[in-house]
Amino acid sequence: MSPIIWIASYPKSGNTWLRAFLANYASDGSQPVELDDLGTDGIATDRDWFDELVGLESSNLLDEEIDEYRPELYELLAESSPEPLWIKVHDAFGYNAAGRALFPATATKLALYVLRCPLDVAVSLRHHLAISLDRSIDLVVGEAKSGARSPGLSRQLRHDWRSWGEHVSSWVDEAPFPVHVLRYEDMLARPLETFGAAARAAGLAYDPARVARAVAHSHFEVLAALEQAKGFVERPAKAEKFFREGRSGGWRHALSPAQVDRIIQAHGEPMKRFGYAAGLDAIGADSRANLPG
Amino acid sequence: MLDELGAEAHRYVAYGLTIASELECPELTPCEDSLTPDVWFRTGATPRDLIAPRVRGVAFQATDRQFLIDVRSVARYLVSDGREIVIEPASGSDATSLRVFLLGAALGGLLHQRGRLPLHGSAIETSQGAAIFCGPSGFGKSTLAALFSRRGYRVLADDLACIDPDGDFPRITPGHPNVLLWADSLAHLNIDASGLALARPRLEDKYCLPVQPGPPRMAIPVRAVYVLRTTKAARPDLISLRGVGALRTLTENTYCRRFLKGMGAQNARHFHQVGRLRKHARIVGIHGSHLNWPLGMLVELLEKDFQT
């Protein structure tokens, strides 16, 4: 049995970038890996996987019925794979109605958990989903549910993000297996150290020169150019680009003080915990006062 | 004992089979004749596990002669020898949900046991014979069936299109006259959902659209199998599939193909069945972003292709 390595994050937090690094690290080719060949083994909420391995059409099942099968689905996936499986997941870590962890420890080696400042996440998410900033903030603070039912069948199963703060603590504090945390901002500022540490944590043979090559091949500009040339299957139809800006701090030009305040009110504590309070000196005193500690 | 369900058994015809059922199945066409039943649906106890299954998924197990399908909150179904389905309802399950999986996965497994070739597809009758639309869930098989039904074509199947691959020509026999559609498809087709029943209680946005039934025992030659594929093309396009690609596509679109691996002889026979189908029917890929198509354009393209 080869356990699963979950590549977990709230959406728009650097999951694809990490997967691009891992794909380039694995292939160590002279050219960057194509976007459609990122080579990780799929997304946890892939409908076809479910239908194939569970043996039922998920389109005939209620969401809670699907969740009941998910732990065993992942166990069967792990059992049937001779090689380690790298699986992307955007769900918050959680449990089904029977009390079983959706992502069972029995099938898991570890999770690589990527997080990003929720202020930047909100801005990125609005472009990705082509929704208003306020609607995006509703999602980030948990006042709107993700995967709000569309009136048709999505290619993926329902996945529940919960709020940004709940998502972070669900993986970092609740998951009953090792979780290696990396911040998007550190991937930007200190890529060799940050990506290298992730590779080591995942049990890959560590080679600093190889890390450097993979970092270069998964640089934002490289990914954006690949998308420009050939498209990217993960870009939603309504989004202009998947790889839009690739920087941190863009929220300063996009969010009003009231919008910043909404997010800090909801997530001040985890923001402080993960080092996002220090960058907020440009905002008003009221908002700073809402930060705990 | 297998032959006796008593005078109160309900009788239906579907896929050319006479079915005697303990459960009332309003989705099925009632049987008007008095032929001996081919298949029995009964309620009763089922085992938790089969003995020495050849293949096992999370919710199913298969041997040469039996399938066991466990839909936990609904029922467990024991499908045996292509003749009998025993249903053990879960506590609190509803009759509609029981029938969704009875007439889907369980019946699909039974048709495999009877040596037939069930495809994951809808089917309509054209002037040239049957056209089948296959593809993954949500790609538009039922939408196309409903669309052509509104244009006067007879719908032969929705979701489970069963082919009798033997004889001089592969033929399809009608399933049951209902099409299950999501709300966005209904909107796309300008059909009002408010008068329609849900496919299952609490399964929001999935509805059951009755369609006109045809002669239930008619066997119609299969002329073309269309396979829905999402590609980057914005306009629909039809591409002939040949050779190994066509065989692989038909295998991928076989209903409950995951059960086949447990079936030994039928698994081997399946390979020849898809080969025969490929020999006699055109296999055509429909390329284009599903549900973003201008439907009129696709209809025109397909109606022209039906005449080929």
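Anything mentioned here points back to the structure above.
Keep in mind that this is a model prediction, so the values were computed, not measured.

Caption draft 1: Representation of the state of the cysteines within the structure. Counted under the stated rule, the structure contains 0 disulfides over all chains. Cysteine Cys162(B) remains unbridged, with the sulfur of Cys256(B) as its closest cysteine sulfur at 12 Å.

Caption draft 2: How the structure looks around the pattern of salt bridges. Tallied over the full model, the rule gives 26 salt bridges over all chains. Across the pair Arg99(B) and Glu27(B) runs a salt bridge whose closest N-O atoms are separated by 2.8 Å. Taken as a pair, Arg99(B) in helix α1 (residues 95–113) and Glu27(B) in the loop between β2 (17–21) and β3 (29–30) lie far apart in primary sequence, 72 residues in all. Residue Arg99(B) shares its accessibility class with Glu27(B), and that shared class is buried. Ionic pairing is found between Asp64(B) and Arg54(B), a salt bridge with its closest N-O pair at 3.6 Å. Taken together, the positions of Asp64(B) in the loop between β6 (60–62) and β7 (66–71) and Arg54(B) in the loop between β4 (39–43) and β5 (55–56) put the pair 10 residues apart, joining distant regions of the chain. The exposure class assigned to Asp64(B) is partly exposed, which follows from its relative accessible area of 41%. When its relative accessible area of 51% is taken as the criterion, Arg54(B) is described as exposed. Connected through salt bridges with shared partners, the residues Asp67(A), Arg70(A), Asp91(A) and Arg158(A) form a single ionic network.

Caption draft 3: Inspection of helix α2 (residues 141–150) of chain B at higher detail. Residues and elements named next belong to chain B. Of all 10 residues in α2, 8 are buried, a share of seventy percent or more. Within α2, burial applies to Lys141, Ser142, Thr143, Leu144, Ala145, Ala146, Leu147 and Phe148. Directly beyond the C-terminal end of α2, a positive phi value near 100° is found at glycine 152.

Caption draft 4: Up close: the interface of chain B and chain A. The interface is formed by 35 residues belonging to chain B together with 27 residues belonging to chain A. Taking both partners together, chain B and chain A bury about 2700 Å²; carbon and sulfur atoms supply 50% of that area. For the chain B face of the interface with chain A, the top three residues by lost area are Val58(B), Arg72(B) and Arg258(B), together amounting to 23%. The closest approach of N and O atoms between Glu52(A) and Arg257(B), which form a salt bridge, is 3.4 Å. Connecting chain B to chain A are 15 residue pairs in polar contact (both at pLDDT 80 or more). Sorting the residues of the side of chain B that touches chain A by element identifies β7, α1, α3 (183–188) and α5 (257–260) of chain B as the ones contributing at least two each. Looking at the side of chain B that touches chain A residue by residue, the classes come out as 16 nonpolar, 5 polar and 14 charged.

Caption draft 5: Region of interest: the nonpolar core. In this structure, Trp6(A), Trp171(A), Phe41(B), Tyr77(B) and Leu102(B) are the most contacted members of the largest nonpolar core, which totals 97 residues. Broken down by element, the residue count for this core peaks at 10 residues, all from α1(B). Once residues lying within four places of it in the same chain are set aside, the contact partners of Trp171(A) are Trp6(A), Ala8(A), Val89(A), Asp91(A), Ala92(A), Phe93(A), Phe103(A), Ala111(A), Tyr113(A), Phe177(A) and Val179(A). Formed by 32 residues, the second largest nonpolar core is a distinct cluster that contains Ala23(A), Leu182(A), Ala198(A) and Val215(A).

Caption draft 6: Main features of the side chain of Lys206(B). Along the polypeptide, Lys206(B) turns up in strand β17 (residues 206–210). In this structure Lys206(B) is buried but unpaired, with Glu57(A) as the nearest side chain of opposite charge at 5.8 Å. Excluding residues within four positions of it along the chain, Lys206(B) makes contact with Ser59(A), Asn60(A), Leu180(B), Leu181(B), Trp182(B), Leu198(B) and Ala199(B).

Caption draft 7: Empty space enclosed by the protein, seen in detail. Counted according to the given criterion, the structure contains 2 cavities of 30 Å³ or more. What the largest cavity holds in volume is close to 80 Å³. Val13(B), Thr29(B), Val155(B), Leu156(B), Pro174(B), Gly175(B), His176(B), Pro177(B), Pro213(B), Gly214(B) and Pro216(B) together form the lining of the largest cavity. Tallied by class, residues from the lining of the largest cavity come to 7 nonpolar, 4 polar and no charged. In this structure, the second largest cavity encloses a volume near 30 Å³. Forming the walls of the second largest cavity are Lys12(A), Ser124(A), His127(A), His128(A), Lys241(A), Phe242(A) and Arg244(A). Each residue belonging to the lining of the second largest cavity can be placed in one class, and the counts come to 1 nonpolar, 3 polar and 3 charged.

Caption draft 8: Up close: unusual backbone geometry. All names here are of chain A. Of note in the backbone geometry, lysine 12 takes a positive phi value of approximately 60° without being a glycine. Topologically, lysine 12 is positioned in the loop between β1 (4–9) and α1 (15–27). Phi is positive for aspartate 28, close to 45°, though the residue is something other than glycine. Structurally, aspartate 28 can be placed in the loop between α1 and α2 (47–54).

The rules behind these values
Residues numbered from 1 in each chain as written. Chains lettered and ligands numbered in written order. Predicted model: local features only at pLDDT ≥ 70, side-chain atom pairs only at ≥ 80, totals over all residues. Heavy atoms only, no water. Disulfide = S-S within 2.5 Å. Salt bridge = Lys/Arg side-chain N within 4 Å of Asp/Glu carboxyl O. Helix = DSSP H or I, 4+ residues; strand = E, 2+ residues; numbered from the N terminus. Buried < 20%, exposed > 50% of the residue type's maximum accessible area, 1.4 Å probe, protein only. Contact = heavy atoms within 4.5 Å. Buried area = accessible area lost by both parts, 1.4 Å probe. Polar contact = N/O pair within 3.5 Å; in protein donor to acceptor, adjacent residues only side chain to side chain. Nonpolar A, V, L, I, M, F, W, Y, C, P; charged D, E, K, R; others polar. Core = buried A, V, L, I, M, F, W, Y, C linked by side-chain atoms within 4.5 Å. Lys, Arg positive; Asp, Glu negative; His and termini not counted. 1 Å grid on protein atoms, 1.4 Å probe; cavity = no way out; pocket = protein on both sides within 12 Å on 5 of 7 lines; lining within 4 Å. Points joined across faces, edges and corners; volume = space filled by probe spheres on them.

The values reported here are purely geometric and, on their own, carry no functional implication.
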